[in-house]
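# Per-entry structural report
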Amino acid sequence: MKQNTNDTRLRALIVEDSEDDALLLADHLLSASFGLEWRRVDTEQTLREALAQEWDIVFSDYSMPHFSGARALEIVKRHDPDLPFIFVSGTIGEETAVNGMRAGAQDYVMKGNMARLVPAVYRELADAKVRRERRNAEQIVRRLSQAVEQAADSVFITDPQGTIQYVNPSFERLTGYSAAEALGTTPALIKSDRHDDALFRRLWDTILAGRVFQETLINRRKDGHLFYEEKTIAPLFDNASGIASFVSTGRDVTDRIRAEQTRAQLLEMLEATTDLVAIVESDGRLRYINRAGRALLGLSDSADVSSRHIAECHPEWASERLLAEAFPAARRDGAWHGEMAIRQIDGRETPVSQIVLAHGGTDEIPEFFSTIARDITERKHFEQELRRQATHDALTGLPNRVLLEDQMETVLARSARSRSLASVLFLDIDNFKRINDSLGHAAGDAMLRHVAQRLRGCVRPTDVVARYGGDEFTIVLGELSHPHNIPTILHKVRAAFEAPIVISGREVYASFSMGISVYPNDGRDAPTLLKNADTAMYRAKANGRNLYQFYAPEMNARGQELLSLETDLRRALDRGEFLLHYQPQLDLRHNRIAGLEALLRWQRPRQGVISPNDFVPLLEDTGLIVPVGEWVLHTACAHYRRCRESGFAPVRISVNVSARQFREDTLLKRVEQALREEGIPPHHLELEITESTVMQDVEMTGDILAALDALGVRLAIDDFGTGYSSLAYLKRFPLNALKIDQAFIRDSAHDSNIAAIAEASISLGHKLGLEVVAEGVETAEQLAFLRTHECDLIQGFYFSRPLPADALTLFLASHTATGADDAADTAQNNDGSKRAPPRDGQT
């Protein structure tokens, strides 16, 4: 696009394959004092694109290698038939030029003789303006004609002597006369005998003087019936300012006039009352409604109610009662009284105490009805609030436990009738107590309200969401066709809480432990289904939180088992039943043992070693994780000291810190104490904190990590990839290591998506300046993958299982004796046998 500013602005589109010819054409136009804005195109596609802009004129060569001037003309005229088009060509013959002009071109100019160009441009710009103005005027006339034809008002046009020359369809509908019957007659065709001659003299005096006449007239239809018409008659003038014709418009106001007459009979008596008062025809149509009634219905004072049926003033249920009960009773007994509801025009309902009376006529068909309705909204609100307080949770507005069981019985009955399934979901917010304790009860209440709102958005209108108590919620799903429908809702709930909840400017994430029971398999009544869903929820919480668990009958037995387990767990520390196993970590960069992770085990006297999955969640729930965690810290540091005293090379010891420990005010003091008492250099102690723990309260986390970093201990993010950490915060925290969760290592050799995540995690850790440790390495393929992608350290069964203290001493001694390369090339099975190295001659 090129632009020059001069006297006459010209936007020119040039269809030309030669840039030089286009420049010559532009220079010629500039020399003629045009303020030229131009663009050259040479293909059909670029021409169509250019036509999206506005142009004053198009110049086109006729013969081009990739395009033809004839095709360009066709495209331009189809786009805008009024846009001037001039051929500027060196090869166009006279016959071709004539054919082009017949096809719509305005002119042609030879490239060798441009003298005609500027006059042709001025001429065609002026002609184009005239064509556009004429086309616009024609469009306006057509639109005006359509408007008159489609107008709701009656319209007829007469000549200056009053002879009808045109009537529109509304005139035919209003008067009953067809156009053929009306044309050639005068307006006396619809004249009634209700007006004297003086009115018509005033009418003619007004319009002959060039003014507009307006009046409400009573006219007569073809069938003899009278109608009221708001009439407007205006003169139309010719170019000499003489009257060329008259146009009359009329609006049928018959119904309005008659309604006004009826209303006048009652207005003075009824308008002062504050109750709705209405007169109703025997067929139910409204004849009158007072000011208070209009206000109650939301109608304006000017709204026409004569076409409304009394049933339209009520919601459907009240209309049915009115027609089936109230009107028949009033016909029979003369009066009916009851509680109803009025429906406003915006759909809102207002409760009323209503009386319906029958008047005149026969016993069977009264002449009309009257009704009086009094607004009882305030009373109903009071009654409703009393009921709501008894059945709803005041904080969230959800049904409470009382209403839940009633609604559950309804859902179960519906499912029983349809022979479908129903399900009860029992949800407990994970770590709600920590949020409540750290941010305050007001923040906890705000979180519960947010949770309630999001849960309501996850289910169908027919399903039930209730607050069971505390941080527990219940969802009841009815009429399910298959148990497979349930996970869909569970995933929807999870998705709804992927985004944080903002409370007092802080982002808080909510997750749930969920238990599910299914009707009729897990119970046929509300109490049983609730109990079993609750049991399943506790199993989900025991399995690691943010999980869901379907109920199974053996869970009740499992519950008894867990109760016994908790009782023994409370005594285990005093009895010395806890012990530590250590899992070595292999440094792939230097082929040496770089660290040991301390892992807690419980040697239960009668049952043997208990799985950490069974007792660690109980330690968290009971708060025992704090003293037990302190014992782990001291014991691991003491074992490090003994290894050094035995002559082993220094390796760092890693200790897991639970979420509850991490929030304890005494954590820093306990770490200092353990380092001091056991004489361990701070940089040889590594504390592992899970990703989810770090992100629960990032401000508090930053303060705690900074204090620990100041002590000199190493800090590692554990189970990376399983939480929802923010990279911005990870970069800000004083971290040393990142441990990739075994879930991303297990299938890395066979699943390209998992492998990509693992590879990205390694790369991310290195870019953040962190040492990367892979957990759960069990195969040579996994090791090869991690070595290829330059993972720093590994730990897992392929290298070594977690070992008790005495076995660890032998393990360290053997690997010190055989050398670091053997440590990297040899892996131990569960029974101590060796696996082959991953590749011959290479670890």
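Residues numbered from 1 in each chain as written. Predicted model: local features only at pLDDT ≥ 70, side-chain atom pairs only at ≥ 80, totals over all residues. Heavy atoms only, no water.

## Describing the pairing of strand S22 (residues 512-519)
A regular strand places its side chains on the two faces of the sheet in alternate fashion. Here is the rule we go by: Here the term buried applies to any residue with accessible area under 20% of the maximum for its type, exposed to any over 50%, and partly exposed to those in between, with areas from a 1.4 Å probe on protein chains only. Secondary structure is summarised from DSSP: a helix means a run of H or I of at least four residues, a strand means a run of E of at least two, and numbering begins at the N terminus for each. By this definition, two strands are paired if DSSP reports at least two bridges between them. Seen with its strands pointing away from the viewer, a crossover is right-handed when the path leading from the first strand over the helix to the second is clockwise.
Burial runs high along S22: 8 of the 8 residues are buried. Neither face of S22 is open: one carries Phe512, Met514, Ile516 and Val518, the other Ser513, Gly515, Ser517 and Tyr519, and all of them are buried. With 8 bridges connecting them, strand S17 (residues 421-429) and S22 associate as antiparallel partners. Across the sheet, the residue bridging to Phe426 is Gly515, located in S22. Pairing analysis gives 3 bridges linking S22 to strand S23 (residues 548-550), with the strands arranged parallel. Directly across from Ile516, in S23, lies its bridge partner Phe550. For the segment spanning S22, helix H17 (residues 526-542) and S23, crossover handedness is left-handed.

## What to know about unusual backbone geometry
In the segment running from Tyr519 into Pro520, the intervening peptide bond is cis, with an omega of 5°. Inspection of the secondary structure assignment puts Pro520 in the loop between S22 and H17. The phi angle at Ser33 is positive, at roughly 70°, despite the residue not being glycine. With respect to the helices, strands and loops of the structure, Ser33 is situated in the loop between helix H1 (19-31) and strand S3 (34-41). Overall, Ser33 belongs to the partly exposed group, its relative accessible area being 29%. Not every positive phi belongs to a glycine, and Asp719 is a case in point at roughly 55°. Here Asp719 lies in strand S29 (residues 714-720).

## Comments concerning the sheet that holds strand S9 (residues 213-220)
Cut-off, in case you're wondering: Axes here mean lines fitted to C-alpha atoms, for a helix over just the part in contact, with angles spanning 0 to 180 degrees between N-to-C directions. Throughout, a contact is declared for two residues whenever any of their heavy atoms are within 4.5 Å.
As summarised here, the arrangement of the 5 strands in space is S8-S7-S11-S10-S9, forming an open sheet in which the pairing is antiparallel. Unpaired on one side and paired on the other, strand S8 (164-167) and S9 mark the two borders of the sheet. Here the average twist between neighbouring strands, direction ignored, is 30°. Of the strand pairs in this sheet, strand S10 (residues 226-237) and strand S11 (residues 243-252) are connected by 9 bridges, and their pairing is antiparallel. Looking at S11, one finds that Phe237 is bridged to Ile243. Packed onto the sheet, helix H8 (residues 197-208) meets S9, S10 and S11 and runs at close to 140° relative to S9.

## A short note on the pattern of salt bridges
Applicable threshold: Throughout this description, the term salt bridge denotes a Lys or Arg side-chain nitrogen within 4 Å of a carboxyl oxygen of Asp or Glu.
The final tally for this structure, using the stated rule, is 60 salt bridges. Across the salt bridge formed by Lys231 and Glu229, the nearest N and O atoms sit 3.3 Å from each other. Here Lys231 matches Glu229 in class, with each residue buried. Across the pair Asp346 and Arg348 runs a salt bridge, and its minimum N-O distance is 2.8 Å. A cluster of three or more residues bridged by salt bridges with shared partners is formed by Asp587, Arg589, Arg592, Arg652, Glu686, Arg714, Glu771 and Asp792.

## Re the packing of helix H20 (residues 625-645) against helix H22 (residues 667-678)
This is how it is decided: In this scheme, roughly parallel covers angles under 35 degrees and roughly antiparallel covers those over 145, while 65 to 115 is roughly perpendicular and the rest are oblique. Take the far helix as your reference; a near helix turned counterclockwise from it by less than a right angle gives a left-handed crossing, and one turned clockwise gives a right-handed crossing. Amino acid classes used here: Ala, Val, Leu, Ile, Met, Phe, Trp, Tyr, Cys and Pro are nonpolar; Asp, Glu, Lys and Arg are charged; the rest, including Gly, are polar.
One way to put it is that H20 packs onto H22 with a least axis distance of 9 Å and a crossing angle of 25°. The pairing of H20 with H22 is recorded here as roughly parallel in orientation. Crossing handedness for the pair H20 and H22: right-handed. Across the interface between the two elements, Glu630, Leu633, His634, Cys637, Ala638 and Arg641 from H20 touch Arg670, Val671, Gln673, Ala674, Glu677 and Glu678 from H22. The residue makeup of the contact of H20 with H22, split by class, is 5 nonpolar, 2 polar and 5 charged.

## What about the sheet that holds strand S19 (residues 472-480)?
Taken together, 5 strands build an open sheet; the order of strands is S18-S19-S17-S22-S23 and the sheet is mixed. Both edges of this open sheet fall to strand S18 (464-469) and S23, since each of them pairs with a single strand only. Neighbouring strand axes in the sheet, compared pairwise and without regard to direction, differ in orientation by 20° on average. Bridge count between S18 and S19: 5 bridges; the pairing is antiparallel. Of the residues in S19, the one forming a bridge with Val465 is Ile475.

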